[in-house]
Every structure is written in C-alpha cells, then in structure tokens.
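Single-letter residue listing:
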Amino acid sequence: MAQESVLDYLGEALEENDFEFDWKLEWDKKQHAIEVYFSIFAEKNEENIVIEDIEGTTAQGDIIQFEDAICLFDPKKSKIQMDNYLKAFPVDFKIGIEKGYIDALLKTLRIVVTEGQSDLLDFATDPTIEEFELNWNDTNFDGTIKTLKDINRYNEEKLSYPKY
C-alpha cells in the first residue's frame, strides 16, 4: 500500500477541523514546500485610523484582513525565505513526517490564530495599540507533541512527500 502524502493528510485535516478562519493549502513543487495560508479579519471602528502593513500598503475600507502562512519545507532542496512565514518547519521528506507532528501543528495553529483574531479585534478598535502581529509559540507546540505522546494519541505513522 502506498504511503499517504503529507499534502493529502494536511488537506483532509484542515477540512475536518472546521477552523474559524479562512485557509488555503499550497504546494510549491519547485521549492519542495507545502504552505498553509490563513486569513483573519476585523472591522475598524474609527474612520480616520490609517492602518499600514509591513510593506507600507494602506488598508482600504472598514475591514482589516491579515494573512500569514506556515510552511513545511525540505532544507536540502528549498530556498525559502523563512521570515516570509509565521513559522517554517524543516522536514526531511525522504524520511517523511509523522501524522502526530501535523496534528500538533494544527492544534497549535488553531490556538495561535484564535488568539490572533482576538488581538486583531483589539488592534482594530483601540487606537492606543500601534502594532499587530501573530506569534508562534514553540513551547506550546512542543508541549502539544509531548501531551499527545503522554496520552498515547501521537500517531507515528509517516507521511511522504507528494509524488504527483
């Protein structure tokens, strides 16, 4: 039986988790990378507030959209810019990646984005808050992996890099 690919497993897990944020799964074949983009939104409460992103683009309208991404990449074959992502995870796709690792990644992503949504709403409505950013918490991620292993819910079955 063929080994399940990380792209298929990740896509199914994203669908099943019914996240409360918009997401998009991308496979960058050339860079040997799998990216999960996600977006959160907030409504500005004051018309005269000017909001710019890190590149100096001014938000138009009453809705702020914030997009970020996480990435799984092969450090031997990828030439990605790590700072373009909330978090980039090096993966030896020859060995594969464990399902439990992906499960922990998605649990942590849900927490980070949920907290980020709350922070974005605060940012959009409180003029004293001057910056907004999401923060990945490696300690929480590592703790999630440990907890899953401690309660025997960490799946060690390996996922392969997509072949198609």
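Everything numeric here is computed off the predicted structure, so don't read it as measured data. (Residues numbered from 1 in each chain as written. Predicted model: local features only at pLDDT ≥ 70, side-chain atom pairs only at ≥ 80, totals over all residues. Heavy atoms only, no water.)

J.: So what's going on with the sheet that holds strand 3 (residues 63-73)? Residues and values would help.
T.: Pairing is mixed in the open sheet, where four strands are placed in the order 1-2-3-4. If you trace the sheet from one side to the other, it starts and ends with strand 1 (22-28) and strand 4 (87-90), each paired once. Across the sheet, the mean angle separating the axes of adjacent strands is 15 degrees when strand polarity is ignored. Two strands pair when backbone bridges link them, and strand 3 and strand 4 are joined in this way by four bridges, in the parallel orientation. By the bridge assignment for strand 4, Phe 73 is matched with Pro 90. (Pairing = 2+ DSSP bridges. Helix = DSSP H or I, 4+ residues; strand = E, 2+ residues; numbered from the N terminus. Axes fitted to C-alpha atoms, helices over the stretch in contact; angles between N-to-C directions.)

J.: Which residues make up the nonpolar core, and what values do they have?
T.: In this structure, Ile 70, Leu 72, Ile 102, Leu 106, Leu 109 and Trp 136 are the most contacted members of the largest nonpolar core, which totals 43 residues. Where this core is concerned, the elements lending two or more residues are helix 1 (6-17), strand 2 (33-43), strand 3, helix 2 (99-125) and helix 3 (138-150). Residues Phe 73, Ile 80, Tyr 85 and Ala 88 belong to the second largest nonpolar core, which totals seven residues. (Core = buried A, V, L, I, M, F, W, Y, C linked by side-chain atoms within 4.5 Å. Buried < 20%, exposed > 50% of the residue type's maximum accessible area, 1.4 Å probe, protein only.)

J.: Provide a residue-level description of the environment of Leu 14, including the pertinent values.
T.: Looking at the secondary structure, you find Leu 14 in helix 1. By relative accessible area, which is 1% here, Leu 14 ends up buried. Between the C-alpha atom of Leu 14 and that of Ser 39, which follows or precedes it by 25 residues, the distance is 14 Å.

J.: Hey, could you go over a negative patch on the surface for me, with residue numbers and the actual values?
T.: A grouping of Asp 8, Glu 12, Glu 15 and Glu 16 is seen on the molecular surface, where their side chains present a negatively charged patch. Relative to the helices and strands, Glu 16 is located in helix 1. (Patch = residues over 30% accessible without salt bridge, like charges linked within 9 Å, V, L, I, M, F, W, Y side chains within 5 Å. Areas by Shrake-Rupley, 256 points an atom, 1.4 Å probe, with all protein chains shown as cover. Salt bridge = Lys/Arg side-chain N within 4 Å of Asp/Glu carboxyl O. Lys, Arg positive; Asp, Glu negative; His and termini not counted. Charge placed at Lys NZ, Arg CZ, Asp CG, Glu CD.)

J.: If you had to explain unusual backbone geometry to someone new, which residues and values would you point to?
T.: Phi angles above zero are rare outside glycine, and Asp 18 is one such case at about 50 degrees. Inspection of the secondary structure puts Asp 18 in the loop between helix 1 and strand 1. You can call Asp 18 exposed: its relative accessible area is 61%. Of note, His 32 is a non-glycine position whose phi angle comes to about 55 degrees, a positive value. Among the structural elements, His 32 can be located in the loop between strand 1 and strand 2.

J.: Describe helix 1, and please don't skip the residues or the numbers.
T.: Over its twelve residues, helix 1 extends 16 Å from the first C-alpha to the last, a length consistent with the 16 Å expected when each residue adds 1.5 Å. If you check which residues of helix 1 are buried, you get Val 6, Leu 7, Tyr 9, Leu 10, Gly 11, Ala 13 and Leu 14. Those residues of helix 1 hidden inside the fold are in contact with strand 1, strand 2, strand 3, strand 5 (97-98), helix 2 and strand 6 (158-159). Count one or two residues on from helix 1 and you reach Asp 18, which has phi positive near 50 degrees. (Expected span 1.5 Å × (residues − 1). Contact = heavy atoms within 4.5 Å.)

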